[in-house]
There are 2 protein chains.
Amino acid sequence: MSSPQPLLILTDDDLLAERWQGLGRSPVRARNLEGLDTWRAAGHRLVLIDLGNAKAGQPPLWTQPGWQRNAAGLAILATSSMPNDDEGLAALNAGASGYCHSHAPLETLLQALDVIASGELWVGRALLSRLLRLVDSRLPRSGLADWATPLTEREREVAHLAALGESNLAIAGALGITERTVKAHLKAVFEKLQVADRLQLALRVHGVR
Amino acid sequence: MSSPQPLLILTDDDLLAERWQGLGRSPVRARNLEGLDTWRAAGHRLVLIDLGNAKAGQPPLWTQPGWQRNAAGLAILATSSMPNDDEGLAALNAGASGYCHSHAPLETLLQALDVIASGELWVGRALLSRLLRLVDSRLPRSGLADWATPLTEREREVAHLAALGESNLAIAGALGITERTVKAHLKAVFEKLQVADRLQLALRVHGVR
DNA sequence: ACGCCCCCTGTCCTTGTGGACAATGGCGAC
DNA sequence: GTCGCCATTGTCCACAAGGACAGGGGGCGT
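Residues numbered from 1 in each chain as written. Chains lettered and ligands numbered in written order. Predicted model: local features only at pLDDT ≥ 70, side-chain atom pairs only at ≥ 80, totals over all residues. Heavy atoms only, no water.

A. The pattern of salt bridges, seen in detail. Residue and element names in this part refer to chain A. According to the stated counting rule, one finds eight salt bridges over all chains in the structure shown. Asp14 is the partner of Arg29 in a salt bridge, and the nearest nitrogen-oxygen pair spans 3.0 Å. A residue pair is termed long-range when its members are at least 10 positions apart, and Arg29 in strand S2 (residues 28–30) and Asp14 in helix H1 (residues 14–21) qualify at 15 residues. On the accessibility criterion, Arg29 (27% relative accessible area) is partly exposed. (Salt bridge = Lys/Arg side-chain N within 4 Å of Asp/Glu carboxyl O. Helix = DSSP H or I, 4+ residues; strand = E, 2+ residues; numbered from the N terminus. Buried < 20%, exposed > 50% of the residue type's maximum accessible area, 1.4 Å probe, protein only.)

B. Spotlight on helix H8 (residues 168–175) of chain B. Residues and elements named next belong to chain B. Taken residue by residue, H8 has Asn168, Ile171, Ala172 and Leu175 as its buried positions. All buried residues of H8 lie within an arc of 100° about the axis, which places them on one face of the element. Of the exposed residues in H8, those oriented more than 90 degrees away from the buried face are Leu169, Gly173 and Ala174. Immediately beyond the C-terminal end of H8, within one or two residues, lies Gly176, with a positive phi of roughly 70°. (Arc of directions from axis to C-beta.)

C. Expanded view of unusual backbone geometry. All names here are of chain A. Here the phi dihedral of Gln194 falls at roughly 60°; this positive angle occurs in a residue that is not glycine. Mapped onto the fold, Gln194 is located in the loop between helix H9 (179–193) and helix H10 (198–205). Judged by its relative accessible area of 67%, Gln194 falls in the exposed class.

D. Inspection of the environment of A:Ala75 at higher detail. Residue and element names in this part refer to chain A. Mapping Ala75 onto the fold places it in strand S4 (residues 75–80). Overall, Ala75 belongs to the buried group, its relative accessible area being 0%. Residues Ala75 and Gly95, 20 residues apart in the sequence, show an inter-C-alpha distance of 8.6 Å. If we ignore the near neighbours within four places in the chain, the residues touching Ala75 are Arg45, Leu46, Val47, Ser97 and Ile116. (Contact = heavy atoms within 4.5 Å.)

E. Quick look at the pairing of S4(A). All names here are of chain A. In terms of burial, S4 is largely enclosed, as six of its six residues are buried. Both faces of S4 are covered, namely the face carrying Ala75, Leu77 and Thr79 and the face carrying Ile76, Ala78 and Ser80. Judged from the five bridges that link them, strand S3 (residues 46–50) and S4 form a sheet pairing that is parallel. Bridging from a neighbouring strand, Leu48 pairs with Leu77 of S4. Alignment of S4 against strand S5 (residues 98–101), held across four bridges, turns out to be parallel. (Pairing = 2+ DSSP bridges.)

F. Quick peek at the sheet that holds strand S6 (residues 122–123) of chain B. Residue and element names in this part refer to chain B. Read across the sheet, six strands follow the order S2-S1-S3-S4-S5-S6 without closing on themselves; strand pairing throughout is parallel. With one partner strand each, in any of the chains shown, strand S2 (28–30) and S6 form the two edges of the open sheet. Sheet topology places strand S1 (residues 7–10) next to strand S3 (residues 46–50); four bridges connect them, and they run parallel. Residue pairing across strands places Leu7 opposite Leu46, the latter belonging to S3. Here helix H2 (residues 34–41) sits on the sheet and contacts S1, S2 and S3; the angle it forms with S1, its principal contact strand, is near 175°. (Axes fitted to C-alpha atoms, helices over the stretch in contact; angles between N-to-C directions.)

G. Quick peek at the protein's contact with DNA strand D. The environment of DNA strand D is formed by 16 residues, the closest being A:Thr152, A:Thr178, A:Arg180, A:Thr181 and B:Arg198. One of the side-chain nitrogen or oxygen atoms of A:Thr152 is found 2.7 Å away from a phosphate oxygen of DNA strand D. Sorting the residues of the surface near DNA strand D by element identifies H9 of chain A together with helix H9 (179–193) of chain B as the ones contributing at least two each. (Near = heavy atom within 4 Å. Polar contact = N/O pair within 3.5 Å; in protein donor to acceptor, adjacent residues only side chain to side chain.)

H. Region of the structure containing the protein's contact with DNA strand C. With respect to spatial proximity, 17 residues lie near DNA strand C, and among them A:Arg198, B:Thr152, B:Thr178, B:Arg180 and B:Thr181 are the closest. The separation between a base nitrogen of DNA strand C and a polar side-chain atom of A:Arg180 is 3.3 Å. A distance of 2.9 Å is found between a phosphate oxygen of DNA strand C and a side-chain nitrogen or oxygen belonging to B:His185. Broken down by secondary-structure element, the contributors of at least two residues to the surface near DNA strand C are H9 of chain A together with helix H7 (153–163) and H9 of chain B. Class assignment of the residues belonging to the surface near DNA strand C gives a composition of three nonpolar, six polar and eight charged. (Nonpolar A, V, L, I, M, F, W, Y, C, P; charged D, E, K, R; others polar.)

I. Examining the sheet that holds strand S1 (residues 7–10) of chain A more closely. All names here are of chain A. With respect to topology, six strands assemble into an open sheet ordered S2-S1-S3-S4-S5-S6, the strand pairing being parallel. In the strand order of this sheet, the two ends are held by S2 and strand S6 (122–123), each with one partner. Here helix H5 (residues 106–117) sits on the sheet and contacts S1, S3, S4, S5 and S6; the angle it forms with S4, its principal contact strand, is near 150°.

Next comes the structure, spelled out in structure tokens:
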């Protein structure tokens, strides 16, 4: 349906290159980052890259010197023979527009290529749901954070400062009350949040685990 | 390329419904959640939903009683006339497979529908890059975290446990050493990381501020 | 062999922390 | 008016934490 853009494939794996011929579009093959430069110079954008087996090629592709310059302006679909969430995130952060399995069904690859060709990003279901879970667990809820809900206003203030590592005396000074009162508030906070000490409180407040 | 699946559209906006006729596929229109049930009963999966203007319909669609049951098993593309990152996250968490602008170009909508029809998730560039930024700011860096680099192996172990709120005695037990030794390691950790106590250490380790 | 670093442990000692027990004044609900 | 919740403060006390000295044993490079 979309105008099939010319495609550059970049891989060291001959078998994979052959498989990718099945994508149609008679892709051009490159073997190193310089190929990206000439590809862009020719006015093209679409690139399919095999990151290879993480174990084999030690340094990830995007840590190589020319990467930033070479990747700029291109729509790159990064693929891995052993997809891994962290690698995917790293690839996307490094400028790739998509990430999936090297041996994904050709239909899936075509769809991903279509998506990134139109300027969007493409992320697999697994990686995306991990992202969602990550942000979901530590996003500002509507209004108050969950840890703050059972606390009174004063207790919130004390808890917040304590969670930043302030000493009882410092908190007392900041709020213009006695250290004894700070202790009283903290005692209530510990009780309500079911934590043993200020460190556990800090972890809770900052959403660790 | 992909077999065009039958499409159900769900919106209160007549203009929008008319516009979506342009998607082809002669979509069926529904006006309430019950429509989803009959749609699934008919053996279909693909649904395009307009969440409407967030201000107008106060309760988000997915908080309505029947939503969970109605949405199960369907591939739903949620759209909003005023896209908003938080709404998008909520929609995806509520079971939608995609989220974009109600008046996005028809090509974009078709592409998104193709993607979710094939079982993947579809997220717009803006929302996705926000997700990436969120996780990027607090994800384990490649190999060692910055706080760990100046520490010896043993110091890392002790620091890690201390940052989780374990007591010196507990750490000693976990590592099979004396509490005194734990203190020695922690002292070195505090010195190297330039922090005053274990709470500041925890904040550093967990990347707060 | 000597210095350097790491890992381990010991005995003080000071201080911050957190719990126990107790009390006062304000303020809204019944 | 009384009850309950909140904020405030007091004293006493047990204990974990962290610093100050001090030391032994192992590995590693020059």
